[in-house]
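# Overview (structure and organization)
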Amino acid sequence: MENNTVTISREELEELQEAFNKIDVDNSGYVSDYELQDLFKEASLPLPGYKVREIVEKILTFADNNKDGKINFEEFVSVMQELKSKEISKSFRKSINKKEGITAIGGTSAISSEGTQHSYSEEEKVAFVHWINKALEEDPDCKHIIPMDANDASLFRSLADGILLCKMINLSEPDTIDERAINKKKLTPFTISENLNLALNSASAIGCTVVNIGAQDLKEGKPHLVLGLLWQIIKVGLFADIELSRNEALIALLNEGEELEQLMKLSPEELLLRWVNYHLANAGWQKINNFSQDIKDSRAYFHLLNQIAPKGDKGDERAIPIDMTGFGERNDLKRAEYMLREADKLGCKQFVTSADVVSGNPKLNLAFVANLFNTYPSLHKPDNADFDSHLLEGESKEERTFRNWMNSLGVSPYINHLYSDLADALVYFQLYEMIRVPVQWSHVNKPPYPALGGNMKKIENCNYAVELGKEKAKFSLVGIAGQDLNEGNTTLTLALVWQLMRRYTLNVLSDLGEGEKVNDEIIIKWVNQTLASANKKTSISSFKDSKISTSLPVLDLIDAIAPNAVRQEMIKREDLSSQDKMNNAKYAISVARKIGARIYALPDDLVEVKPKMVMTVFACLMGKGLNRLK
């Protein structure tokens, strides 16, 4: 390559770092060649797959200074400097507009006055349309939009009234949205906005990052935002059962000499990779290292399908024989077509076309494999397996709420396991910045950590996280040391996470109250005054008040700040059974999200009167109420 590189500004450098971090999901400090296409897309230089493959060789030769087959951030910046030089970027732009697969959308971003070009993957659009069509084909509320045409832009139009999004969220995480809160008939611009708010706030509650998406974006059907949100929602559902607490048969994937705790720290993606390799080993085939480059020839998939297909040896199943004759086909595309015919026998052809397999689309192939796992895991917990049942209990509802809250804010890396993924404190520092506690990043050790002494670097970070909490945030962290956070001490970790979440919630109120320091008493006083002003008979004495278990104070408060949002006929007010209380709580939380309150609490938190989460519900509603008065 010629040395006619352009200079990259500090602002561009920060944007490149942000793009790099999004792709480097495991925080290793490196990306592999098969991740480059996604990385270029994040860096606002989307390239079609054929072009990426053409330049991979050049890139690795040019930039891979240590010849390890991976690219670190500094090497990536060097590549971007070359790609942004005039001659190269001109030809790339032509290729973006001419080639199939990437659709470019010219438009002005609200973030930048200079305007940006957003792109989306045609393959993803097609895959999501087919998935949604099948998932919602029997839903009477979606008859006006299902089936969608995968060949046009109907997907983007179909999200405009919010109904489809709400349905998809409930498919991925059942009972997240109370169906009674969805506006389904005689829709107006206002009731459509309510549906979209309900969908966005509910997506946030299940851990989707929605910080840059508004109801108007979905109403307009902005393709890159729609596909990004849909992928997050679909992934929640696909990954739901890929964890040990929900599927103990995953114990079969333990490597020799490996502790169960190590297996439990793996992300769903890593577990899926290990699952595929478990079956490939049984088939006598070589293992794969990714869902892109290593599956392009479909041969690993042929063996996987052959291993997981029912053999008919159980009384309640019929055998589904896999025809392996296509394995010997010489053409990659035709071989992929033969493989997908066999996958179709299992009812698992979704997400990929033969072209997606051959091009190695990592996102769609990951979804394809997750769907295979969910349908035919073909794993059996070892008979002699005797593990501590406490280890297999899974996360508590409180832990899941905290984890979803962090992920919805877009922290990096994505939090799959609350304690192990917080062990180096990098996410704490991001959260500190979000609550306006400045972090001296020069004091922070960043990955990749050295093999020797790497954990000490993480402990140093945790010590700094505790120091910031005590000295700058003025948190109560008595008896908490950095090592406690690094080791994942449940009580002490949750103590810090809760105070971060509490401060984040109260900051909104402080802003609305023009800097006034908000505390529990102020919130309770506001709640009771608002209820009284609206002639409501309910009130609360504290966040432990047993009356909260009925959810009636919450529903009355919503009605006071957003008249007509609550349908009174949906509420049970007298002689409440435990089921009545739960129904009220589900409805209260969904309607609160519908009027724009970003609530992470669960219905159980109201029914069981969990003071911490109850406080966040009332604080969010207070924020909504004050905002409407402004």
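Here, the structure is the one placed above.
As the structure is a computational prediction, the values presented were derived from the model and not from experiment. (Residues numbered from 1 in each chain as written. Predicted model: local features only at pLDDT ≥ 70, side-chain atom pairs only at ≥ 80, totals over all residues. Heavy atoms only, no water.)

Broken down by element type, the protein carries 27 helices and four strands. Within the protein, counting contacts between residues at least 6 apart in sequence, those at least 24 apart form 60% of the total. With the model as given, the accessible surface of the protein reaches about 29800 Å², and the carbon-plus-sulfur share is 48%. (Helix = DSSP H or I, 4+ residues; strand = E, 2+ residues; numbered from the N terminus. Contact = heavy atoms within 4.5 Å. Areas by Shrake-Rupley, 256 points an atom, 1.4 Å probe, with all protein chains shown as cover.)

Turning to the pattern of salt bridges, a few remarks are in order. For the coordinates displayed, the defined rule picks out 27 salt bridges. Here D141 makes a salt bridge to K184, at a shortest N to O gap of 2.9 Å. Of the two residues, D141 is situated in the loop between α6 (122–135) and α7 (154–158) and K184 in the loop between α8 (163–172) and α9 (189–205); the sequence distance between them amounts to 43 residues. Residue D141 is classed as partly exposed on the basis of its relative accessible area, which comes to 23%. A salt bridge links D580 to K572, with the nearest nitrogen and oxygen atoms 3.0 Å apart. A residue is classified by how much of its surface remains accessible, and D580, at 17% relative accessible area, is buried. Within this structure, D139, D141, K167, E179 and K184 form a network of salt bridges that share partners. (Salt bridge = Lys/Arg side-chain N within 4 Å of Asp/Glu carboxyl O. Buried < 20%, exposed > 50% of the residue type's maximum accessible area, 1.4 Å probe, protein only.)

Look at helix α13 (residues 268–282) against helix α17 (residues 362–375): their axes get within 10 Å of each other, and the N-to-C directions meet at 70°. Regarding the angle of α13 to α17, the classification is roughly perpendicular. You can see that α13 and α17 cross each other, and the crossing is left-handed. Across the interface between the two elements, E269, L272, W275 and V276 from α13 touch L366, V369, A370, L372 and F373 from α17. (Axes fitted to C-alpha atoms, helices over the stretch in contact; angles between N-to-C directions. Parallel < 35°, antiparallel > 145°, perpendicular 65-115°, else oblique. Left-handed = near helix turned anticlockwise from the far one by under 90°.)

A word on unusual backbone geometry. The linkage connecting S412 with the following residue, P413, adopts the cis geometry, with an omega of 5°. Structurally, P413 is set in the loop between α18 (397–408) and α19 (426–434). Of note, the bond from P447 into P448 is cis; its omega dihedral lies within 30 degrees of zero at 0°. Mapping P448 onto the fold places it in the loop between α19 and α20 (454–471). Backbone geometry places K186, a non-glycine residue, at a positive phi of 45°. Residue position: K186 is located in the loop between α8 and α9. Look at K474: it is not a glycine, yet its phi comes out positive at around 60°.

This brings us to the side chain of N371. Structurally, N371 is set in helix α17. Engagement of the side chain of N371 in a polar contact is seen with the side chain of Q350, the distance being 3.1 Å. When near neighbours in sequence (up to four residues on either side) are disregarded, N371 contacts W131, L238, C348, Q350 and F351. (Polar contact = N/O pair within 3.5 Å; in protein donor to acceptor, adjacent residues only side chain to side chain.)

The values are spatial; any link to function lies outside them.
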